[in-house]
Amino acid sequence: MSVDPMAYETQFFGFTPQTCMLRFYIAFQDYLFEVMLVVEGVMLKKLDSIPGCKVSPSQIRKCTEKFLVFMKEHLDKLFAKMEEVVLQLVMNIPKNVLLPEDRVQEQYPYSKEEFQALQDELQQLQQQCRAEAVVEQALRAELEEQKVVTAELEKILQCFDGLENICREHGASNFKESFALLMQSSKKLQDVLKDVEEKSKKMKQRDQLM
């Protein structure tokens, strides 16, 4: 078999020429084996029809195997010559022939160095795209957080507006002063609540002792 990869021919045909020739060889070999079995069967029938024949079937088989080896050797030699001719004259694409899908390379030729430079530039662009995608995702997440914070601030402002309106309705014009008074009143209420809880605990302890 030929060791030439014949990559351009493979691109054109869609299969390697060597594989095609190998299939031809296997088909010829199988046909040779089948023919030898048929010949052997015919010889055995002829011998059965000859009275007093001393040739046994095992001898016929040995002769068939020898003849098969002889035929296979000649088949290999002939097929090697046929393969060489077919690969060179039938399935070989001349060097000056360019396939349609490769004509763009003729119009825009480039060297290996230029191709490698393009590959390096492509990798850099891909890395930049991935980095920009990460930054974009982070910015979107931050924007969502800002939307949530803005919504909470709007709720707080609405709450303060409501409190200011309530203070105005009750005659308090300064919201800051009203809010400070409210905080003081809340603290006083908490102190009173603590005092009540302590007295309640003391009364419960006295009841248990009595």
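Residue numbers run consecutively from 1 along every chain, following the written order of its sequence. Confidence filtering applies because this is a predicted model: local features only for residues at pLDDT of at least 70, side-chain atom pairs given and counted only at 80 or more, and all residues used for totals across whole chains, interfaces and linings. Derived side-chain values reflect all non-hydrogen atoms in the structure, with water molecules and hydrogen atoms excluded from consideration.

So, the pattern of salt bridges
Each reported salt bridge corresponds to a side-chain nitrogen of Lys or Arg within 4 Å of a carboxyl oxygen of Asp or Glu. Enumeration over the complete set of coordinates arrives at four salt bridges. Where Glu136 meets Arg140, a salt bridge forms, and the shortest distance between an N and an O atom there is 2.7 Å. On the criterion of helical spacing, the pair formed by Glu136 and Arg140 is a turn pair, its members being four residues apart in helix 5 (residues 112–169). Lys147 is paired through a salt bridge with Glu144; the nearest N and O atoms lie 3.9 Å apart. A residue pair is termed a helical-turn pair when its members lie 3 or 4 positions apart in one helix, as Lys147 and Glu144 do in helix 5 at three residues. Note on classification: 1.4 Å probe, protein chains only; a residue is buried when its accessible area is under 20% of the maximum for its type, exposed when over 50%, partly exposed between these limits. On the accessibility criterion, Glu144 (45% relative accessible area) is partly exposed. A run of H or I in DSSP counts as a helix once it spans at least four residues, and a run of E counts as a strand once it spans at least two, with each numbered from the N terminus.

Re the side chain of Thr64
Locating Thr64 in the fold gives a position in helix 3 (residues 57–90). Whether two residues touch is decided by their heavy atoms; if any such pair falls within 4.5 Å, the residues are in contact. For Thr64, the contacting residues outside a window of four places in its chain are Met36 and Glu40.

Here's the deal with the nonpolar core
The term nonpolar core refers to a set of buried residues drawn from Ala, Val, Leu, Ile, Met, Phe, Trp, Tyr and Cys, joined through side-chain atoms within 4.5 Å. Counting residues in each nonpolar core, the largest one holds eight residues, listed as Met6, Cys20, Met21, Tyr25, Phe79, Val86, Leu87 and Met91. Among the secondary structure elements, those contributing two or more residues to this core are helix 2 (17–49) and helix 3. Not counting residues up to four positions away in its chain, the partners in contact with Met91 are Met6, Glu9, Phe13, Phe15, Pro17, Cys20 and Val86.

Observations regarding helix 3
If you check which residues of helix 3 are buried, you get Ile60, Thr64, Leu75, Phe79, Glu83, Val86 and Leu87. Each element contacted by the buried residues of helix 3 is listed here: helix 2.

Structural notes on the packing of helix 2 against helix 3
Between the N-to-C directions of two axes lies an angle of 0 to 180 degrees, each axis being a line fitted to C-alpha atoms and, for a helix, fitted only over the stretch in contact. Where helix 2 contacts helix 3, the two axes come as close as 10 Å, and the packing angle between them is 155 degrees. Between helix 2 and helix 3, the angle is such that the two are roughly antiparallel. Crossing angle aside, the handedness with which helix 2 passes helix 3 is right-handed. Of the residues that constitute the contact of helix 2 with helix 3, the class distribution is 21 nonpolar, three polar and five charged. Any angle from 65 to 115 degrees is called roughly perpendicular, while one under 35 is roughly parallel, one over 145 is roughly antiparallel, and all others are oblique. Working rule for handedness: look at the near helix, and if it is turned counterclockwise from the far one by less than a right angle, call the crossing left-handed; if clockwise, right-handed. In the scheme used here, Gly and all other residues not listed as nonpolar or charged are polar, with Ala, Val, Leu, Ile, Met, Phe, Trp, Tyr, Cys and Pro taken as nonpolar and Asp, Glu, Lys and Arg as charged.

What to know about the packing of aromatic side chains
Pairs were defined over the aromatic rings of Phe, Tyr and Trp, the Trp ring being its six-membered one, requiring ring centres within 6.5 Å. Orientation was assigned from the angle between planes: stacked under 30 degrees, edge-to-face over 60, tilted for the rest. Throughout the structure, instances matching the rule amount to four aromatic pairs. Taken together through their ring pairs, the aromatic side chains of Tyr25, Phe28 and Phe79 make up a single cluster.

What about helix 2?
Each helix should span, by expectation, one fewer than its residue count multiplied by 1.5 Å. The terminal C-alpha atoms of helix 2, which comprises 33 residues, lie 49 Å apart, in line with the 48 Å expected from a rise of 1.5 Å per residue. Buried positions along helix 2 lie against helix 1 (7–13) and helix 3.

Examining a nonpolar patch on the surface
On the surface, Tyr31, Val35, Val39 and Met43 cluster together into a nonpolar patch covering about 340 Å² of accessible area. Inspection of the secondary structure assignment puts Tyr31 in helix 2. The class of Tyr31 is exposed, set by a relative accessible area of 56%. Nonpolar side chains (Val, Leu, Ile, Met, Phe, Trp, Tyr) within 5 Å and like charges within 9 Å form the patches, drawn only from residues with over 30% relative accessible area and no salt bridge. Where accessible areas are quoted, they stem from the Shrake-Rupley method and a 1.4 Å probe; at the residue level, only the protein chains shown are allowed to cover.

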